[in-house]
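Notes for the structure review
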Amino acid sequence: MLPEYPIMFFSLTVEFTQSGFSLSPKPFFSNFGAIVTFAIFGTFLASIVTGVLVYLGGLIYVMYRLPLVECLMFGALISATDPVTVLSIFQELGTDVNLYALVFGESVLNDAMAISLYRTMSLVRSDPSGQNFLMVVVRFLETFVGSMSAGVGVGFISALLFKYAGLDVDNLQNLESCLFVLFPYFSYMLAEGLGLSGIVSILFTGIVMKHYTYSNLSESSQRFVSAFFHLISSLAETFVFIYMGFDIAMEQHSWSHVGFIFFSIIFIGIARAANVFSCAYLINMVRPSYRKIPPKHQKALWYSGLRGAMAFALALQSFHDLPEGHGQTIFTATTAIIVLTVLLIGGSTGTMLEALEVVGDTHDIDSSLGSVPIGSVSTSTNFEGNNGYIAPSYDGESSSGNKIKMKLKEFHRSAASFTALDRNYLTPFFTIQNGDEDDDDEAELLNTSRGSF
């Protein structure tokens, strides 16, 4: 079980903090469709490509040979990105907020995907009778959808509680803050008690609580929980890297299979390219020309695929799940990949951004377009300043003969409809503020700050 190791608790703390309190929600949710595409479909594709290439590499004896299921487990755990270093440089140099949101959002959500895939493959390995494709799909959906539902449900319950409980009075603000901190832990324990993934559950709890529950807190409680989770995030990140340093020095590693590490890095790069460029192609089929992800942003996305805490935690789990030689090889390779990607990619990110000419790649706020109503998706175009959200028009697109493209556009239209549903119904129902007040606050924030991450 994943919760047996303390590293998982600190990883889950980082997950909740990243999902809820490190990024203004507008660029995150305005790019949510693209983020989900990269994080779910892209991570699934990357993990399968990595696992298959590692298996084929073992068959032709260029690297240590592992069974196919164990290769897929390795592909799942190593597909979790954690570009903390890259994001800090993005923020320091001032890159486009949409690029920042894509990198950040993918790294948050693909952890949930990686955990679900790893658990599914681990169950398949332990139960050979369930290795048919249908059972694998059912087990994956059970883990991912069940954990996500538990997290979203707890998040909505917390929003209603804080909206109607009246805890924002002076003598109850300490209780208000304590309950806000304890709700994510309740989500974690609920999911684990149901045999699901607590980390996936707490991730979605953090997203929902930030979007709805946080606005129901009093101002003093908002300041406290923001500072609290920021502190916990810093401590968790520091602990993870200290733990990794001690582990490199103290754990017994298998350095005899250097070829496994070398070719794994190559295969990870290939899988990352398959993830980024294929998903960007699908997204650009849906988006109009002024919203397409440019090639330089795609290259930046490909380059920013560092591996970090989640890959390390899952590799530590595999050390105990797999036979001694296999688990030790995967754990050693993962540790080496994390160190190399953090040092090499993290150290060269500034040079990469300058070479790709994405430093300071932002768009001016067009105040004349700020008053266009977002709800009129089919008849207008809306810009929300530097956050880059544009609700495109779909007029005249029915004549397209490309069925796949039309299906993707229909999905994109549904996503835009969900945005209107959230603004018109969910936000007024679960929060004290209504959608119009939120939009006014966000517009004022955009006019005073270029991009407050």
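Small disclaimer: the values here were computed from a predicted structure and weren't measured.

Side note on the overall build of the protein chain
Counting its regular elements, the protein chain contains 17 helices and 0 strands. Here the contacts in the protein chain between residues at least 6 apart in sequence split such that 78% fall between residues at least 24 apart. For the protein chain, the exposed surface amounts to about 19,800 Å²; the carbon and sulfur share of it is 65%.

A word on the pattern of salt bridges
Under the definition given, this model contains 3 salt bridges. The closest approach of N and O atoms between Arg 125 and Glu 70, which form a salt bridge, is 3.3 Å. Note that Arg 125 is positioned in helix α6 (residues 97–126) and Glu 70 in helix α4 (residues 68–78), a separation of 55 residues in sequence. For Arg 125, a relative accessible area of 29% corresponds to the partly exposed category. For Arg 119, the salt bridge goes to Glu 192, with nearest N and O atoms at 3.7 Å. Here Glu 192 lies in helix α8 (residues 173–193) and Arg 119 lies in helix α6, a separation of 73 residues in the sequence.

Things to note about the nonpolar core
Within the largest apolar cluster, 79 residues are counted, with the highest numbers of intra-cluster contacts made by Phe 38, Phe 74, Leu 77, Phe 90, Leu 109 and Phe 204. Per element, the largest residue contribution to this core is 15 residues, and it comes from α6. Beyond its immediate chain neighbours, meaning those up to four positions away, Phe 38 contacts Thr 43, Leu 102, Glu 106, Asn 275, Val 276, Cys 279, Ala 280, Ile 283, Ile 293 and Leu 301. If you look at the next biggest cluster of nonpolar residues, it comprises 10 residues, including Val 154, Leu 167, Phe 180 and Met 209.

Focus: the packing of aromatic side chains
Any pair of aromatic rings gets described here by the distance separating the centres and the angle formed by the planes. If you walk through the whole model with that rule in mind, you get 21 aromatic pairs. Seen in terms of ring centroids, Phe 74 and Phe 260 are 5.4 Å apart; in terms of plane orientation they differ by 55°. Their pairing is tilted. Placement of the pair is Phe 74 in helix α4 and Phe 260 in helix α11 (residues 258–286), with a sequence separation of 186 residues. Each member of the pair, Phe 74 as well as Phe 260, is classed as buried.

What about the environment of Ser 30?
The residue Ser 30 is located in helix α2 (residues 25–30) in this model. Judged by relative accessible area, Ser 30 falls into the buried class, the value being 10%. When the C-alpha positions of Ser 30 and Thr 419 are compared, they lie 8.5 Å apart, and in sequence the two are 389 residues distant.

Basis of the calculations
Residues numbered from 1 in each chain as written. Predicted model: local features only at pLDDT ≥ 70, side-chain atom pairs only at ≥ 80, totals over all residues. Heavy atoms only, no water. Helix = DSSP H or I, 4+ residues; strand = E, 2+ residues; numbered from the N terminus. Contact = heavy atoms within 4.5 Å. Areas by Shrake-Rupley, 256 points an atom, 1.4 Å probe, with all protein chains shown as cover. Salt bridge = Lys/Arg side-chain N within 4 Å of Asp/Glu carboxyl O. Buried < 20%, exposed > 50% of the residue type's maximum accessible area, 1.4 Å probe, protein only. Core = buried A, V, L, I, M, F, W, Y, C linked by side-chain atoms within 4.5 Å. Phe/Tyr/Trp six-rings, centres within 6.5 Å; stacked < 30°, edge-to-face > 60°.

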